[in-house]
Amino acid sequence: QENIVKVSILGSESIILGYHLLPYLASDLVQNVKASTYVIITDRNIAALHLNPLLDAFQDAQRKFGQSVRVLFKVIPPGELSKSRETKCAIEDWLLEEVCTRDTCLIALGGGVIGDLVGFVAATFMRGIPFVQVPSTLLAMVDSSIGGKTAIDTPHGKNLIGAFWQPKRIYMNLSFLSTLPKREFINGMAEVIKTACIWNEQDFEKLEQGVEKIQDAVLNGVKDDFTGTTMETRTEGQCLLLDVILASARVKAHVVTVDERETGLRGLLNYGHSIGHAIEAILAPQVLHGECVAIGMIQEAELSHYLGYMDRASIDRIANCLSSYGLPISLDDERLLCRSGGTPCPVDTIMSNMRIDKKNAGSVKKIVLLSQIGDTVEKKASAVGDQEIETILHE
Ligand code: ADP
Ligand code: ZN
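About the cut-offs
Residues numbered from 1 in each chain as written. Chains lettered and ligands numbered in written order. Predicted model: local features only at pLDDT ≥ 70, side-chain atom pairs only at ≥ 80, totals over all residues. Heavy atoms only, no water. Domains from an automatic or database assignment. Contact = heavy atoms within 4.5 Å. Buried area = accessible area lost by both parts, 1.4 Å probe. Salt bridge = Lys/Arg side-chain N within 4 Å of Asp/Glu carboxyl O. Polar contact = N/O pair within 3.5 Å; in protein donor to acceptor, adjacent residues only side chain to side chain. Helix = DSSP H or I, 4+ residues; strand = E, 2+ residues; numbered from the N terminus. Near = heavy atom within 4 Å. Areas by Shrake-Rupley, 256 points an atom, 1.4 Å probe, with all protein chains shown as cover. Nonpolar A, V, L, I, M, F, W, Y, C, P; charged D, E, K, R; others polar. Core = buried A, V, L, I, M, F, W, Y, C linked by side-chain atoms within 4.5 Å. Buried < 20%, exposed > 50% of the residue type's maximum accessible area, 1.4 Å probe, protein only. Donors = N, O, S within 2.8 Å, 3.2 Å for Na, K, Ca; no water. Expected span 1.5 Å × (residues − 1). Pairing = 2+ DSSP bridges. Axes fitted to C-alpha atoms, helices over the stretch in contact; angles between N-to-C directions.

### Re the domain arrangement of the protein
Parsing the protein into structural domains produces domain 1 (5–177), domain 2 (182–258) and domain 3 (265–394). Distance from the C-alpha centre of domain 1 to the C-alpha centre of domain 3: 31 Å. Contacts between domain 1 and domain 3 engage 7 residues on the former and 4 residues on the latter. In total, domain 1 and domain 3 occlude about 470 Å² of area from one another, counting both sides; carbon and sulfur atoms represent 41% of this. It is Leu139, Lys149 and Lys158 in domain 1 that bury the most area against domain 3; as a group they hold 53% of the surface buried on that side. Connecting domain 1 to domain 3 are 1 salt bridge. Linking domain 1 with domain 3 are 2 residue pairs in polar contact (both at pLDDT 80 or more). Considering every element that reaches the side of domain 1 that touches domain 3, the biggest residue donor is strand E8 (residues 157–164), with 3 residues.

### Quick look at the site of ligand 1
Near ligand 1 lie 18 residues; those nearest to it are Asp43, Gly112, Ser136, Thr137 and Thr179. Here an oxygen atom of ligand 1 sits 2.7 Å away from a polar atom, N or O, in the main chain of Gly112. One nitrogen or oxygen atom from the side chain of Thr137 is found 2.7 Å from an oxygen atom belonging to ligand 1. Against a free-state accessible area of 570 Å², the protein chains account for coverage of 85% of ligand 1. Of all the elements in the fold, those that place two or more residues in the shell around ligand 1 are helix H2 (44–65), helix H4 (112–124) and helix H6 (182–199). Among the elements that make up the shell around ligand 1, the one with the highest residue count is H2 (4 residues). In terms of residue class, the shell around ligand 1 is built from 8 nonpolar, 8 polar and 2 charged.

### Side note on the nonpolar core
Ranked by internal contacts, the top residues of the largest apolar core, which has 62 residues, are Met172, Ile193, Leu207, Leu241 and Ile318. It is helix H9 (residues 236–258) that contributes the most residues to this core, 11 residues altogether. Core analysis: the next-biggest nonpolar cluster, separate from the first, contains 29 residues, Leu25, Leu29, Leu51 and Phe58 among them.

### Points about the coordination of the zinc ion (ligand 2)
Coordination sphere of the zinc ion (ligand 2), protein contribution only: Glu191 (OE), His273 (NE2) and His289 (NE2), at 1.9 to 2.1 Å. A residue is classified by how much of its surface remains accessible, and Glu191, at 1% relative accessible area, is buried.

### Side note on H6
The end-to-end C-alpha distance of H6, which contains 18 residues, comes to 26 Å, matching closely the 26 Å that a straight helix rising 1.5 Å per residue would cover. Counted residue by residue, H6 has 14 buried out of 18 residues, so it is predominantly covered.

### Some thoughts on the sheet that holds strand E9 (residues 169–173)
In space, the 7 strands of this open sheet follow the order E1-E2-E9-E6-E5-E3-E4, with mixed pairing throughout. The open sheet has two edge strands with one neighbour each: strand E1 (5–9) and strand E4 (70–76). Across this sheet, the average inter-strand angle for adjacent strands is 20 degrees, counted without regard to direction. Against the sheet, helix H1 (residues 22–32) makes contact with E1, strand E2 (12–18), strand E3 (37–43), strand E5 (104–110), strand E6 (131–135) and E9, and its axis sits at roughly 165 degrees relative to E9, the strand it touches most. Of the strands in this sheet, E3, E4, E5 and E6 are in contact with H4, which crosses E5 at around 165 degrees.

Pasting the structure below:
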């Protein structure tokens, strides 16, 4: 199978990328991730577009391998509100009603919301059952589906209750991206650019130079499920899109393999997130995660410059790259103000939001500082004083 690519994580080649991946996915599960019941959990938007093809793929795989398994599905409402204790309970009660036992495999078909929620259900159902990630958004592909962080939200904040629970497989079917709303694609690009910034200047250059081709691949190229299936029929844009997602997934897989529980290196993936999350706490859900992280990346790059670690030209390059994909780079951005209804983000609110960051060491804030594009000051987040952060936020 030279039309799929595998990436190793935590010692096993469990990340699989390709176009038109559903036949492979179903065959691989039925043969190699054995279960008596496969349970697909997805949201209403994704179900309307991609559930039937997945069910068909299971039918075909069962016929092909002469096996008979039970395939169930549950569709929940889209949106962050579903990442709740209530939805978790509802899924658990339904699984019990359906007499799902420990030889059940959960399939999280969706974006970050579905992945985090279903992962956490898998982590605690019958003390833990196998699950697989089938990310359907760019953000979930390059970020949230990799690394085993699962969680739900509470009224006190996002992702406060959860577990580390690794998926058996992560199937990235790039054909799913053809139905993704453009804004959601741009949202995911923030994490792709973030990863290049902390890890690899060549990857960053590829992103700078590939804007048109990458956008073209998503907006036009992957529409037909059968184009891009093989190396020969893939357009240049489709190759580049795969390349860029692959590069991000590889970095994340490596970092997670070295530091699964985030004691140091994995913390680098939080570049842009210390300030980004604090802004997101004010502007969500009108403004998306990646949009807030993009602004956080610029502010944290400014901080790196202010502290004497990085030149100004690098900040400009990061800003240009982010805006060329359609991401905001400051709180004054027109589209952002329009979406947020002009909600103000006062510096003291951002500062107090940053105080409750899980990653802080006591009261000392930890921020990822860049030394150049593709490299960081430390191989972990650095301690930064409140005074310096406030200065940057006031500018
Ligand atoms: P994220 O992955 O960014 O955390 P969500 O899980 O909230 O985000 O998904 C973002 C939105 O995109 C949701 O409304 C979801 O239903 C929708 N969505 C996810 N994947 C697709 C897809 N492939 N095509 C169309 N809509 C999708
Ligand atoms: Zn993120």
